[in-house]
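Examination of the molecular architecture
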Amino acid sequence: MALCHRSRDGGREPAWYDDAAGRLVRPYTVSNGRTRPTAPFDLLTLVRATGRRAEAQGPEHARALALCRVPVSVAEVAGQLRLPVVVTKVLLADLVDCGALTAHAPATAGPAPRTDRALLEAVLHGLRTRL
């Protein structure tokens, strides 16, 4: 639904934005046109605030920093900010670069467990008999 405002003569004019359209600021403007973060992140990278202030950052940086008071994944920050992941990674990299955030790659459980062929064949056989 379009918002309206009153003109000087008392009539209603449509506003220059629409509630259904969402954000007025395009995502690339949030990251100043940058599309590559300076730090390596994947969706499961955990970020956490260090307590250090981020100087001269935008409102999205401040919102991201507030979300990171506890360890949180890059994917979760992107979802909460409602920004594309690539833009979120750029914002988070800015905060890591200034020391306001730390980033940790997700823990790996070591080498992948060996596949049990007999188990897979039993599952396949069970599926074939049911379908």
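Now for a look at the structure at hand. (Residues numbered from 1 in each chain as written. Predicted model: local features only at pLDDT ≥ 70, side-chain atom pairs only at ≥ 80, totals over all residues. Heavy atoms only, no water.)

Comments concerning the overall build of the protein
When you go through the protein residue by residue, the secondary structure sums to 5 helices and 5 strands. Moving toward the C terminus, one meets the helices and strands of the protein in the order β-β-α-β-α-β-α-α-β-α. For the protein, contacts bridging at least 24 residues in sequence account for 60% of all contacts bridging at least 6. When the accessible surface of the protein is split by element, carbon and sulfur atoms take 57% of a total near 9,700 Å². (Helix = DSSP H or I, 4+ residues; strand = E, 2+ residues; numbered from the N terminus. Contact = heavy atoms within 4.5 Å. Areas by Shrake-Rupley, 256 points an atom, 1.4 Å probe, with all protein chains shown as cover.)

Some thoughts on the sheet that holds strand E4 (residues 72-73)
The antiparallel open sheet is built from 3 strands, whose spatial order is E4-E3-E5. Because the sheet does not close on itself, it has two edges, and the strands there are E4 and strand E5 (101-104). (Pairing = 2+ DSSP bridges.)

With respect to the nonpolar core
One finds Phe-41, Val-47, Cys-68, Val-77, Leu-92 and Leu-101 to be the most contacted residues of the largest nonpolar core, which totals 19 residues. Apart from the residues lying within four places of it in its own chain, the contact partners of Leu-92 are Phe-41, Val-47, Ala-64, Cys-68, Val-74, Val-77 and Leu-101. (Core = buried A, V, L, I, M, F, W, Y, C linked by side-chain atoms within 4.5 Å. Buried < 20%, exposed > 50% of the residue type's maximum accessible area, 1.4 Å probe, protein only.)

So, unusual backbone geometry
Phi is positive for Arg-82, which is not a glycine, with a value near 60°. Position of Arg-82 among the secondary structure elements: in the loop between helix H3 (74-81) and helix H4 (85-97).

What about the side chain of Lys-89?
Note on placement: Lys-89 falls in helix H4. At 7.0 Å, Asp-42 is the nearest oppositely charged side chain to Lys-89, a buried residue that forms no salt bridge. Among all residues touching Lys-89, those that are not within four sequence positions of it are Pro-37, Phe-41, Asp-42 and Val-74. (Lys, Arg positive; Asp, Glu negative; His and termini not counted. Salt bridge = Lys/Arg side-chain N within 4 Å of Asp/Glu carboxyl O.)

Re the pairing of strand E3 (residues 46-49)
Here 2 bridges tie E3 to E4, and the two strands are oriented antiparallel to one another. By the bridge assignment, Val-47 is partnered in E4 with Val-72. Two elements, E3 and E5, share 4 bridges in a ladder whose sense is antiparallel. Its bridge partner being in E5, Arg-48 is matched across the sheet by Thr-102.

Overview of the side chain of His-61
With respect to the secondary-structure elements, His-61 resides in helix H2 (residues 59-67). On the accessibility criterion, His-61 (7% relative accessible area) is buried. Only 3.1 Å separates the side chain of His-61 from the side chain of Gln-57, close enough to count as a polar contact. Side chain to side chain, His-61 and Asp-94 meet in a polar contact 3.0 Å long. When residues no more than four places from it in sequence are discounted, the contact partners of His-61 are Leu-91, Asp-94 and Leu-95. (Polar contact = N/O pair within 3.5 Å; in protein donor to acceptor, adjacent residues only side chain to side chain.)

As for H4
An ideal rise of 1.5 Å per residue puts 18 Å on 13 residues; H4 measures up with 18 Å between its terminal C-alpha atoms. Listed as buried for H4 are Val-87, Thr-88, Lys-89, Val-90, Leu-91, Leu-92, Ala-93, Asp-94 and Leu-95. Trailing H4 by a residue or two, Gly-99 shows a phi angle of about 85°, which is positive. (Expected span 1.5 Å × (residues − 1).)

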